[in-house]
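Working through the structure, step by step
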Amino acid sequence: MKTLKIKSIFSTILCVIWISGLSAQSLTVTGTVTDENNRPLIGANVSIEKSRKGTVTNEHGKYSIEAMQGDIIRFSYIGYKTQKVKANRKIIDVKLYPDNNLLMEECVITSDEVSNRAISSKQMAVRSLGMPALIYDRYANREEYSHNAENRFKSPVKDPLSTFSIDVDAASYSNIRRFINQGEMPPKDAVRIEEMINYFNYNYPKPTGNDPVRITTEVGICPWNKTHRLVQIGLKAREIENQNLPASNFVFLIDVSGSMFGPTRLELVKSSLRLLVNNLREKDRVAIVTYCGDARVALPSTPGNEKQKIKDALETLTAGGSTAGGAGIKEAYRIAQKNFIAQGNNRIILCTDGDFNVGASSETELENLIESKRKSGIFLTVLGYGMGNYKDNKMQILAQKGNGNHAYIDNIQEANKVLVNEFGSTMYAVAKDVKLQVEFNPAKVQSYRLVGYETRILNDEDFNDDTKDAGEMGAGHTVTALYEIIPTGTPGNIPGSVDPLKYQSQTNVNAQTSNSSELLTVKLRYKTPEEEKSKKIEKSVTDMGKDNVSPDFRFASAVAMFAQLLKDSDFKGEATYDKVIETANKGLSFDPEGYRAEFVRLVQRAKGLNK
């Protein structure tokens, strides 16, 4: 009898142990996080509540996380109500709903901010009424943009050469999209035509030889002036699979000053960089430098496979204080140089609204500071955040003078585009100091105009001068430039023309030029990232007088037409919003990510606002 009792007790104990083991069983939980309309939320935070373990959703809203049976999994996303779910099954799909009170909660201002930022009585009144941050930003519009006069028509007799640096920046497009989606037209100076065109990828042929860049050209009818011709020059950089990219030495340089407080600023920075961290490899390294009143190292250089350690360091960051951007830049370059990887990808990723107000803060001071660092072999990516206080003019200086590129991050989807989908092109240069020079045949061209690139114009002699800085192209990057051409013999008033000269002839067309069928010649110079001596590529262009052009040509010309409408350009000709939409719709055949279709919807919104 005793034996039976002992066996029974022993069995009970084993059963309890077995059940306890079940309750502590680990499982891999996967699923999808969507919004109220069943659209995937990219970069949503998924974490175990009792630990610091966490992850973010990918570009399809999917996640995977290791949990213990019974753990509470926390799902959160900027602007949405947080949800908590018990880990009791392997697949957990979650739908998050907007938190309408969130913006109201962000309208908190401290006495330090009042003194440091000199907020006006009107702005204080707006905040004291409890208005959303977005409305406050419209009242407190302290955004700054540089004014640049449009390129004019030029005569190929007097100015046979057109020389400029390429531009891979795309900040202008996402910035004007932010304005239009808020229900207002963007400032004219916020519109940079080349950045709007280059926001989109184009289906250009890939390089096949030793050169890392290939030139493609097309000529067709100019859609905003049917008597003119439009020349498209397309560049395509060599593609490299992300896993084959050299080891990266990243320094995240993060602005944590008071102006970065809020869901569209520092919180969006954190979410953006978490997406990038998810794609790091063991051979990559990341350090974090922050700046407000001064600069400090928030995380020493850390291997890329220690993802949770990097994410934990990001999560601790809070915003407050003044903005010593110059000190932050110097410290970031010091850390990048200390951990420099020979033959690797050494890059600073600056996340800021550009509102520098301590130390080097003027455009000239920042330009001098960045230029002194240019030859260090360290590249610079500038990511702009925020609204109402965005200093676009300073961001441009930093990107253009620091061997870098510039993007504006208005939401987590844009962060995913820049830091995940276009990681190679954003983060790894295959060619630097890339310059274009176009020579026009005066027998075929009466007048020409470069569409955009006003901030990238170079002197003609700069083309052959290897000491002159120019733009960089990342792996897989495409760059597009458009020239509006008035063919020789076209009647009517030529924009920008002058009276015939009295003391000399304006014509200098020799017999050889007259007999040539060439419209122009495109020359390109580039350097490899490791070298300081440039190489040259050359391509001649002939105009057959037809309009048999590609969907890429149609779409790029539609974007240029839209930009000229937003700028109220002197050269917009017969452009209308309806014509932009009609032309863009002819260019939708290559749209793998849906960005071109989004552009058409944006033009439709702008058309409504314009009325």
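Residues numbered from 1 in each chain as written. Predicted model: local features only at pLDDT ≥ 70, side-chain atom pairs only at ≥ 80, totals over all residues. Heavy atoms only, no water.

What about unusual backbone geometry?
Leaving glycine out, the prevailing phi sign among residues is negative, and the prevailing peptide bond configuration is trans. Our working rule: A run of H or I in DSSP counts as a helix once it spans at least four residues, and a run of E counts as a strand once it spans at least two, with each numbered from the N terminus. When accessible area is computed with a 1.4 Å probe and restricted to protein chains, residues below 20% of their type maximum are described as buried, those above 50% as exposed, and intermediate ones as partly exposed.
Positive phi, normally seen in glycine, also occurs at Gln 343, with a value near 65 degrees. With respect to the helices, strands and loops of the structure, Gln 343 is situated in the loop between helix 10 (325-338) and strand 14 (345-352). The backbone of Asp 433 sits at a positive phi, close to 50 degrees, despite the residue not being glycine. Secondary-structure assignment places Asp 433 in strand 17 (residues 429-440). Residue Asp 433 is classed as buried on the basis of its relative accessible area, which comes to 8%.

Considering the packing of aromatic side chains
The line we're drawing: Two rings from Phe, Tyr or Trp (for Trp, the six-membered ring) form a pair when their centres sit within 6.5 Å of each other. Planes less than 30 degrees apart are called stacked, planes more than 60 degrees apart edge-to-face, and all others tilted.
Evaluated as defined, the whole model comprises 20 aromatic pairs. Arranged with centres 4.7 Å apart and planes meeting at 50 degrees, the rings of Phe 164 and Tyr 453 form a pair that is tilted. With a gap of 289 residues between them, Phe 164 in strand 8 (residues 161-165) and Tyr 453 in the loop between strand 18 (445-451) and strand 19 (471-474) connect regions that are remote in the sequence. Considered together, Phe 164 and Tyr 453 belong to a single accessibility category, that of buried residues. Seen in terms of ring centroids, Phe 555 and Phe 599 are 5.3 Å apart; in terms of plane orientation they differ by 70 degrees. Their pairing is edge-to-face. Taken together, the positions of Phe 555 in helix 16 (residues 551-567) and Phe 599 in helix 18 (residues 595-610) put the pair 44 residues apart, joining distant regions of the chain. Accessibility expressed as a relative area gives 0% for Phe 555, which makes it buried. For Phe 599, a relative accessible area of 0% corresponds to the buried category. Taken together, the ring pairs connect Tyr 173, Tyr 199, Phe 200, Phe 555, Phe 562, Tyr 577, Tyr 595 and Phe 599 into an aromatic cluster.

With respect to helix 16
Condition: Helix span, as expected, comes to 1.5 Å for every residue beyond the first.
The first and last C-alpha atoms of helix 16 sit 24 Å apart over 17 residues, in line with the 24 Å expected at 1.5 Å per residue. Most of helix 16 sits inside the fold, with 15 of its 17 residues counted as buried. Asp 568, located one to two residues past helix 16, shows a positive phi value of around 55 degrees.

Notes on the packing of helix 8 (residues 266-277) against helix 13 (residues 412-421)
So the rule is basically this: Lines fitted to the C-alpha atoms define the axes, with helices restricted to the stretch that makes contact. Angles between their N-to-C directions range from 0 to 180 degrees. Each crossing gets its handedness from the near helix: less than a right angle anticlockwise from the far helix is left-handed, clockwise is right-handed. In this description, contact between two residues means that some pair of their heavy atoms is separated by no more than 4.5 Å. Classification convention: Asp, Glu, Lys, Arg as charged; Ala, Val, Leu, Ile, Met, Phe, Trp, Tyr, Cys, Pro as nonpolar; all other residues, Gly among them, as polar.
Two numbers describe how helix 8 lies on helix 13: the axes approach to 9 Å, and their chain directions differ by 35 degrees. As helix 8 runs across helix 13, the sense of the crossing is right-handed. For the pair helix 8 and helix 13, the contacting residues are Leu 268, Ser 271, Ser 272, Leu 275 and Leu 276 in the first and Ile 412, Ala 415, Asn 416, Leu 419 and Val 420 in the second. Classifying every residue of the contact of helix 8 with helix 13 by side-chain character gives 7 nonpolar, 3 polar and no charged.

A short note on the confidence of the model for the chain
Here is the rule: A score from 0 to 100, pLDDT tells how confident the predictor is in each residue.
On average, the chain scores 83 in pLDDT, and the residues at 70 or more come to 84%. Taken together, the stretch residues 102-140 has pLDDT below 50 and engages in 49 contacts with residues farther than four places along the chain or on a different chain.

Description of the environment of Ile 254
Relative to the helices and strands, Ile 254 is located in strand 11 (residues 248-255). Apart from the residues within four sequence positions on either side, Ile 254 is in contact with Leu 266, Val 269, Leu 273, Ile 288, Val 289, Thr 290, Tyr 291, Leu 314, Leu 317 and Cys 351.

Regarding the pairing of strand 5 (residues 72-76)
Cut-off, in case you're wondering: When DSSP finds two or more bridges between two strands, those strands count as paired.
Pairing geometry for strand 2 (residues 45-48) and strand 5, over 4 bridges, is antiparallel. The residue bridging Val 46 from the neighbouring strand is Phe 75, located in strand 5. In this sheet, strand 6 (residues 83-86) lies alongside strand 5 in antiparallel orientation, the contact comprising 4 bridges. Looking at the pairing, Ile 72 lines up with Lys 86 of strand 6.

Quick notes on the nonpolar core
Using the following cut-off: Residues belong to one nonpolar core when they are buried, are Ala, Val, Leu, Ile, Met, Phe, Trp, Tyr or Cys, and are joined through side-chain atoms within 4.5 Å.
Judged by nonpolar contacts, the single largest core of 89 residues is most densely connected at Phe 75, Leu 235, Phe 252, Ile 254 and Tyr 483. A per-element tally of this core places helix 8 first, with 7 residues. Here Tyr 483 is in contact with Ser 162, Phe 164, Arg 229, Leu 230, Val 231, Ile 233, Val 438, Phe 440, Tyr 448, Arg 449 and Leu 450, once residues within four sequence places are set aside.

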